[in-house]
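Structural characterization, general
The chain contents come next:
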Amino acid sequence: MKTIAKLAEFVVNNMSSNRFKYGLFIYAVCAVHVSFIALFALLGVFPMVIFNIGSVTTYIICASVIKYGYEKNIIYTFYATYIEIIVHAFVATICIGWKFGFPHYLIGLVPFGYYICVTMMKGKQKYVIATILGFISYASFIACRMITGFIGCLYQLDVSDTTESLIYSYNATCNFAFLFMVTLIFVADVQITTNKLHIQNAMLDNMANIDPLTGLYNRRSMHTFLDAAAEADEPFSLVMCDIDNFKRVNDTYGHDFGDVVLRDIAHIIQQLVDTNGYVCRWGGEEILILYIGSVDDTCKVSEDIRSNVEKHSFSLHNTTIHCSLTLGIASHTNGSTIEDTITHADSRLYYGKQNGKNRVVSPYDR
């Protein structure tokens, strides 16, 4: 079971590689032709034995090209495979007749051709080439039927109906297995593409909603949370935060140090707010907190934030400084708009900045 699990994991991990996927086709078709060597030897049709030895040799060369050659050369191995399967269907049908099912491999060529052309070629021509190859497969299938109807076959095999049915069933099974493999690889491709699309969408969503410097929500996304909070029947408060003397930090130590201060403070706030609200970079060095809970809870968390920022050491290039944070709290009340609550929080922040800084100004203060 462990071996099967490892094999499955290996296949899944390599499914995005054109070399790997087409290599699977080559090895599968090669294995079928190896069985044909034994089959035609038992039937005594030695021209087909020689033909299939040549086919196996062709596929070994193709496998080498896939493994060691350039990606652009893989398409030539595809054409070689396509031609070999068509010629094999003709020769086998001329040798032993239609009833053994060798022309049915031409049906499997149609989806195979479309898949390879679409995944390995570029431009609109890939659809044209795939369609032309599909018509060639169809025409070859009809031609095989007409040839056996008009001229018969070269070898009149003296085999029982059971043997004839077994050979036909074997060819049908191989063809269905081939179609099943193409389908599975196609489904895997769709899943891989879907997963990549989900990842890309998540990245785009992240870029649209997250401030790249601090990792906090940006102002755009915060408005969504504010509107949702206003509609919900839960108490919440807004906390406007501003880093004290931040311009002096930038002027004295450089903007890189300012970025460190912003990131560290954002991290401290995010940890303390946790799942009880949302934190966004409102603009510049201002951070807005939407805290779900009572005013008392908001005041306690705000004081914890102020205290932790005050104690924190901000370091860059062997330089360490301390900063402080001033916070203004406003409780949202029924009948008030979000803009009113933001204005109240901003007003208390301004009051704190004008009266000593490094403090929390709550509705209880003014």
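Relevant structure appears above.
Note on numbering: residues in each chain are counted from 1, in written sequence order. In view of the model being predicted, local features appear only for residues whose pLDDT reaches at least 70, and side-chain atom pairs are presented and counted only at 80 or more, with totals across whole chains, interfaces and linings using the full set of residues. Hydrogens and water are ignored here; the side-chain numbers use all heavy atoms of the structure.

Section: the nonpolar core
Soluble globular proteins tend to pack their nonpolar side chains together in the buried interior. In plain words, nonpolar cores are sets of buried Ala, Val, Leu, Ile, Met, Phe, Trp, Tyr and Cys residues tied together by side-chain atoms within 4.5 Å. Whether a residue is buried, partly exposed or exposed follows from its accessible area with a 1.4 Å probe, protein chains only, as a fraction of its type maximum: under 20%, in between, or over 50%, in that order. The biggest cluster of nonpolar side chains holds 49 residues, and the ones touching the most others in it are Y22, F25, F40, F78, F102, F112 and I116. Where this core is concerned, the elements lending two or more residues are α2 (18-43), α3 (46-68), α4 (74-96), α5 (105-120), α6 (125-151) and α7 (161-209). In this description, contact between two residues means that some pair of their heavy atoms is separated by no more than 4.5 Å. In contact with F25, not counting residues within four places along its chain, are F112, Y115, I116, F178, M181, V182 and I185. Counting 30 residues, the second-largest nonpolar core is a separate cluster that includes V279, Y291, V295 and L327. Helix and strand assignments come from DSSP, with helices taken as H or I runs of at least 4 residues and strands as E runs of at least 2, each series counted from the N terminus.

Notes on the sheet that holds strand β2 (residues 277-283)
Note on pairing: DSSP must find at least two bridges between two strands before they are called paired. Strands sit in the order β2-β3-β1-β6-β7 across an open sheet of 5 strands; the sheet is mixed. Whereas interior strands pair on both sides, the edge strands pair on one side only; in this sheet they are β2 and β7 (360-361). Direction of pairing for strand β1 (residues 236-243) relative to strand β6 (residues 325-331): antiparallel, over a ladder of 7 bridges. Its bridge partner lying in β6, V239 is registered against I329. Only C-alpha atoms enter the line fits that serve as axes; for helices the fit covers just the stretch in contact. Angles between N-to-C directions range over 0 to 180 degrees. Docked against the sheet, helix α11 (residues 295-311) engages β1, β3 (286-292), β6 and β7, running at close to 170° with respect to β6. The sheet contacts of helix α12 (residues 338-354) involve β1, β2, β3, β6 and β7, and relative to β6 the element is tilted by about 145°.

Comments concerning the environment of L349
If you trace the backbone, L349 turns up in helix α12. It is 49 Å that separates the C-alpha atoms of L349 and T193, two residues lying 156 residues apart in sequence. Residues within four places of L349 in sequence aside, it is in contact with M240, C241, D242, E286, T326, L327 and G328.

Points about the side chain of H88
Here H88 is to be found in helix α4. The residues contacting H88, other than those within four sequence positions of it, are H33, F36, F40, M48, F51, N52 and F102.

With respect to the state of the cysteines
Defined simply, a disulfide is a covalent bond joining two cysteines at their sulfur atoms. A pair of cysteine sulfur atoms is labelled a disulfide when the two atoms are within 2.5 Å. For the structure shown, the criterion picks out 0 disulfides. Lacking any disulfide linkage, C117 is separated from the closest cysteine sulfur, that of C62, by 15 Å. No disulfide involves C174; its nearest neighbouring cysteine sulfur is the one of C30, lying 13 Å away. Overall, the relative accessible area of 14% leaves C174 in the buried class.

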